[in-house]
Amino acid sequence: MNSLNSPHLSQHLTRLHQEAEAADAPFVRQIMARIEAAGGAIETLAAQLVADERADYRAAYSGHASHFLSVSPRYGRFLYAVARASKATRIVEFGTSMGISTIYLAAALRDNGGGLLIGSEMEPTKVARAREHIEAAGLSDLVDIRQGNALDTLRDVGGAIDLALIDGAWSLYLPVLKLIEPQLRPGAAILAENAFAEDYLDYIRDPANGYLAMTLPIDESRGNEFAVWTA
Ligand SMILES: C[S@@+](CC[C@H](N)C(=O)[O-])C[C@H]1O[C@@H](n2cnc3c(N)ncnc32)[C@H](O)[C@@H]1O
């Protein structure tokens, strides 16, 4: 059983990815130009973006209300695969945006026999759109999107976490990880998209902190860091 292959879900995801590409195209062009201006190194621009965000992450995201900023179809399928392989029943997502990654993960919950994905999104218009997209996917019964700052809304997720997707403000990756860490079940998978913040990478790559981490060869320029909670 793989719900991603159902005609309804695969067509829905194709439409959403097309919508995302169109909505984000001007922003992506702007980022590509900035990478070129920085000598072609995404890390240089990423370091600047993390620093800007640290100053005021709310302001950094206020201009992105209409942007999807979503995972790629390939990474979405990887999310689904990890959630299936780990038999996840409780998933936490930092940064829901329009709900594309949420749909891949909730589809895995459905195919695992049920569960709950707790999402977090601070932009109210995105929460509304994500709920519509998840409803249209037929997955609403598996998803609780919490509107507000993840540092508040993910404080209590009601039980042990099998998988976490960290994909919100880059400067908050480490604070959010530390917030949910006490609730990780042994063997929990932590997937971070755009993991460019040095404090996060230093922490998760240090085995003394209880993780086994590696950078994924998927969408390589996007800094996809995968880790397992081994403590
Ligand atoms: C890269 S997008 C998430 C994309 C989504 N995971 C997907 O693949 O479809 C990041 C989102 O995180 C949200 N965000 C940033 N900081 C947040 C915070 N502190 N609490 C909740 N949401 C936050 C932003 O508003 C933005 O929509």
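So, here is what we can say about the structure in this document. (Residues numbered from 1 in each chain as written. Predicted model: local features only at pLDDT ≥ 70, side-chain atom pairs only at ≥ 80, totals over all residues.)

To continue, consider the pairing of strand E2 (residues 116-121). Along E2, five of the six residues are buried, which leaves the element largely enclosed by surrounding structure. In the sheet, strand E1 (residues 90-94) pairs with E2 via five bridges, with the strands oriented parallel. In the sheet register, Val 92 faces E2, and the bridge partner there is Ile 118. For the handedness criterion, the β-α-β arrangement of E1, helix H5 (residues 100-112) and E2 is classed as right-handed. Judged from the five bridges that link them, E2 and strand E3 (residues 143-147) form a sheet pairing that is parallel. The residue bridging Gly 119 from the neighbouring strand is Ile 145, located in E3. For the handedness criterion, the β-α-β arrangement of E2, helix H6 (residues 124-136) and E3 is classed as right-handed. (Buried ≥ 20, exposed ≤ 12 C-beta atoms within 10 Å, placed from the backbone. Helix = DSSP H or I, 4+ residues; strand = E, 2+ residues; numbered from the N terminus. Pairing = 2+ DSSP bridges. Right-handed = clockwise from strand over helix to strand, strands pointing away.)

For the rest of this paragraph, the subject is H6. Between its first and last C-alpha atoms H6 spans 19 Å; for 13 residues at 1.5 Å apiece the expected length is 18 Å, and the two agree. Of the residues making up H6, those classed as buried are Lys 126, Val 127, Ala 130, Arg 131, His 133 and Ile 134. Mapping the buried residues of H6 onto a view down its axis gives an arc of 165°, with all of them on the same face. Residues of H6 that are exposed and point over 90 degrees away from its buried face: Pro 124 and Thr 125. At its buried positions, H6 is contacted by helix H1 (7-37), H5, E2 and E3. (Expected span 1.5 Å × (residues − 1). Arc of directions from axis to C-beta. Contact = placed C-beta atoms within 7 Å.)

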